[in-house]
Amino acid sequence: MSQPRSQSQWQGSDDGTRDLSGRSRGGPFLLSRYAECLFWLARYMERVENLARILDVTETFVRHGADQSGWVSIVQINADEKRFLEKHDTVTPEKVLHFYLTDRENPSSIAACLFAARENARTLRPMISTEMWTQINVFYNRARELMADEARPSDVSQICAFLKEGCQFHTGITEGTMFRDQGWAFYSIGKYLERGDQTSRLVDIKYHTLLPSVRDVGGAQDVYQWHAVLRAAANYQAFRRVYPSGMTPSAVAGFLLLNHSCPRSIVQSVHQIETYLTQLGSGYGLKGANVVLEQLDELRAGVMGQTIEQILRRGLHEFLDWVQLQYLGLAAAVADSFWHTKEDAV
């Protein structure tokens, strides 16, 4: 996982006041170090919320009859098998919860992400509101107190509810207080990139791993689990507005992946990223935006050029794997275009 570097490494000129386009704009400008910190602040906060949702829905699945492999699937879908097995010889609910909730040595853990989010916010003090900084700081300290003891499966629901609420509080304050300039665009790109990636993982953890048998598709257990996935994505009521009755795997997957009005769908993620990249390119003259937009074109074509029936027929898990690779490529393209220098690549 890429980490924002120290301020001294971002001096674009003798006094560190060169903007991202490399030329004076005669108005507000943004240092590349701030752009990266905003991008990662949004990603870390979105990741905390979504990981809390995945942990919560997995505990719900297991508590209502799914086998213990649901905990293994979290490690697999986050591609953390090697790192996890270096520290633990077996996969148990308690070990997975420790690994993803409180283990600061795991860069994917909620504890590590909250720490990184706060450090990025600290760097961004000149750019963000007092309310935004205070909420992140208080949230971090209260989360650390809440997770001071080893979490048990019975604690997951309470802990995850607190984490989701804290992240939503952050989103509201940020929406209401953050200045709408290049910084907002980079923050938003990070948020929607992470959100789309995490939605693909939430759907994958249900569809590929937690359903034990093809014979169970459409059964009571299957319907209950898809119900839980929608609630984990905070989109159950939204889904019911489109589908007032009934629930099928294809309808839920299609809603979370392809519905333009679903705030956590992959299609909505792609649309928002495109909007803010276009703003950076046409509104602020940042040429790097065009490079990232070209990278985004492939994901947009792959997502918007198919129906959910076509995706399911060709393989949902394979499609979601491809989507996650596309998001990784997008994140790399953003970094290469806006803050990685040629010296960094050597």
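Residues numbered from 1 in each chain as written. Predicted model: local features only at pLDDT ≥ 70, side-chain atom pairs only at ≥ 80, totals over all residues. Heavy atoms only, no water.

Considerations on the overall build of the chain
Alright, step 1. Looking only at helices and strands, the chain has 16 helices and 0 strands in total.
Alright, step 2. Taking all 346 residues of the chain together, the buried fraction comes to 53%.
Alright, step 3. In the chain, of all internal contacts separated by at least 6 residues, the share reaching a separation of at least 24 is 68%.
Alright, step 4. A total of about 15,600 Å² of accessible surface is found on the chain, and carbon and sulfur atoms cover 51% of it. (Helix = DSSP H or I, 4+ residues; strand = E, 2+ residues; numbered from the N terminus. Buried < 20%, exposed > 50% of the residue type's maximum accessible area, 1.4 Å probe, protein only. Contact = heavy atoms within 4.5 Å. Areas by Shrake-Rupley, 256 points an atom, 1.4 Å probe, with all protein chains shown as cover.)

Brief notes about unusual backbone geometry
Alright, step 1. Backbone geometry places Ala 79, a non-glycine residue, at a positive phi of 55°.
Alright, step 2. In this structure, Ala 234 is a non-glycine residue whose phi angle is positive, near 55°.
Alright, step 3. Take Ala 234: it is sitting in the loop between α9 (220-232) and α10 (236-242).

Thoughts on the packing of aromatic side chains
Alright, step 1. If you walk through the whole model with that rule in mind, you get 13 aromatic pairs.
Alright, step 2. Ring geometry for Phe 39 versus Trp 339: centroids 5.4 Å apart, planes at 55°, classification tilted. In this pair, Phe 39 is assigned in helix α1 (residues 32-63) and Trp 339 in the loop between α15 (316-338) and α16 (342-345), connecting sequence segments 300 residues apart.
Alright, step 3. What makes Phe 39 buried here is its relative accessible area of 1%.
Alright, step 4. With a relative accessible area of 2%, Trp 339 lands in the buried category.
Alright, step 5. Here Phe 84 and Phe 99 contribute two aromatic rings whose centre-to-centre distance is 5.1 Å and whose plane-to-plane angle is 80°, an arrangement assigned as edge-to-face. Placement of the pair is Phe 84 in helix α3 (residues 81-87) and Phe 99 in helix α4 (residues 93-102), with a sequence separation of 15 residues.
Alright, step 6. Owing to a relative accessible area of 0%, Phe 99 belongs among the buried residues under this scheme.
Alright, step 7. Three or more aromatic residues link up through ring pairs in this structure, and these residues are Phe 39, Trp 40, Tyr 44, Phe 186, Phe 338 and Trp 339. (Phe/Tyr/Trp six-rings, centres within 6.5 Å; stacked < 30°, edge-to-face > 60°.)

Considering the pattern of salt bridges
Alright, step 1. Applying the stated criterion across every chain, the model contains 18 salt bridges.
Alright, step 2. Residue Arg 53 is joined to Glu 49 by a salt bridge in which the shortest nitrogen-to-oxygen separation is 2.7 Å. Within this pair, Arg 53 and its partner Glu 49 are both found in helix α1, separated by 4 residues, close to a single helical turn. Side by side, Arg 53 and Glu 49 carry an identical accessibility label, which is buried.
Alright, step 3. Across the salt bridge formed by Arg 83 and Asp 80, the nearest N and O atoms sit 2.8 Å from each other.
Alright, step 4. The network of salt bridges with shared partners includes Glu 46, Glu 49, Arg 53, Arg 195 and Arg 264. (Salt bridge = Lys/Arg side-chain N within 4 Å of Asp/Glu carboxyl O.)

Description of the environment of Gln 295
Alright, step 1. Here Gln 295 is to be found in helix α13 (residues 288-304).
Alright, step 2. For the pair Gln 295 and Tyr 327, spaced 32 residues apart in sequence, the C-alpha to C-alpha distance is 9.6 Å.
Alright, step 3. Beyond its immediate stretch of four places on either side in the chain, Gln 295 contacts Gln 326, Gly 329, Leu 330 and Ala 333.

Side note on the confidence of the model for the chain
Close inspection of predicted coordinates is inappropriate in any region flagged by low pLDDT.
Alright, step 1. Of the residues in the chain, 84% have a pLDDT of 70 or more, and the chain-wide mean is 85.
Alright, step 2. Of the regions scoring below 50 in pLDDT, residues 21-27 engages in 11 contacts with residues more than four places distant in sequence or in other chains.
Alright, step 3. Note on residues 342-346: pLDDT is under 50 here. Beyond four places in sequence and across chains, it has 2 contacts. (pLDDT = per-residue confidence, 0-100.)

Here we look at the side chain of Gln 198
Alright, step 1. Position of Gln 198 among the secondary structure elements: in helix α8 (residues 182-210).
Alright, step 2. For Gln 198, a relative accessible area of 5% gives the class buried.
Alright, step 3. Residues contacting Gln 198, with those up to four places away along its chain left out, are Arg 47, Asn 50 and Ile 54.

Re the environment of Leu 55
Alright, step 1. Checked against the element boundaries, Leu 55 lands in helix α1.
Alright, step 2. For the pair Leu 55 and Cys 160, spaced 105 residues apart in the sequence, the C-alpha separation amounts to 7.6 Å.
Alright, step 3. Here Leu 55 is in contact with Trp 71, Ile 74, Leu 97, Tyr 100, Leu 101, Ile 110, Val 156 and Cys 160, once residues within four sequence places are set aside.

Some thoughts on the environment of Met 127
Alright, step 1. Here Met 127 lies in the loop between α5 (110-123) and α6 (130-146).
Alright, step 2. Taking the C-alpha atoms as reference, Met 127 lies 9.5 Å from Leu 38; in sequence the two are 89 residues apart.
Alright, step 3. Apart from residues no more than four positions distant in its own chain, Met 127 is found in contact with Leu 30, Tyr 34 and Leu 38.

Some words on helix α7 (residues 156-177)
Alright, step 1. Here α7 spans 32 Å end to end across 22 residues, near enough to the 32 Å set by a 1.5 Å rise per residue.
Alright, step 2. Taken together, the buried positions of α7 are occupied by Val 156, Ile 159, Cys 160, Leu 163, Lys 164, Gly 166, Cys 167, His 170, Ile 173 and Thr 174. (Expected span 1.5 Å × (residues − 1).)

Structural notes on the packing of α6 against α7
Alright, step 1. Closest axis-to-axis distance for the α6/α7 pair is 9 Å, and the angle between their directions is 175°. Classed by the angle they form, the pair α6 and α7 counts as roughly antiparallel. Within the contact between the two elements, α6 uses Glu 131, Met 132, Gln 135, Ile 136, Phe 139, Arg 142, Ala 143 and Leu 146 and α7 uses Ile 159, Phe 162, Leu 163, Gly 166, Cys 167, Phe 169, His 170, Ile 173, Thr 174 and Thr 177.
Alright, step 2. Taken together, the residues that form the contact of α6 with α7 break down as 11 nonpolar, 5 polar and 2 charged. (Axes fitted to C-alpha atoms, helices over the stretch in contact; angles between N-to-C directions. Parallel < 35°, antiparallel > 145°, perpendicular 65-115°, else oblique. Nonpolar A, V, L, I, M, F, W, Y, C, P; charged D, E, K, R; others polar.)

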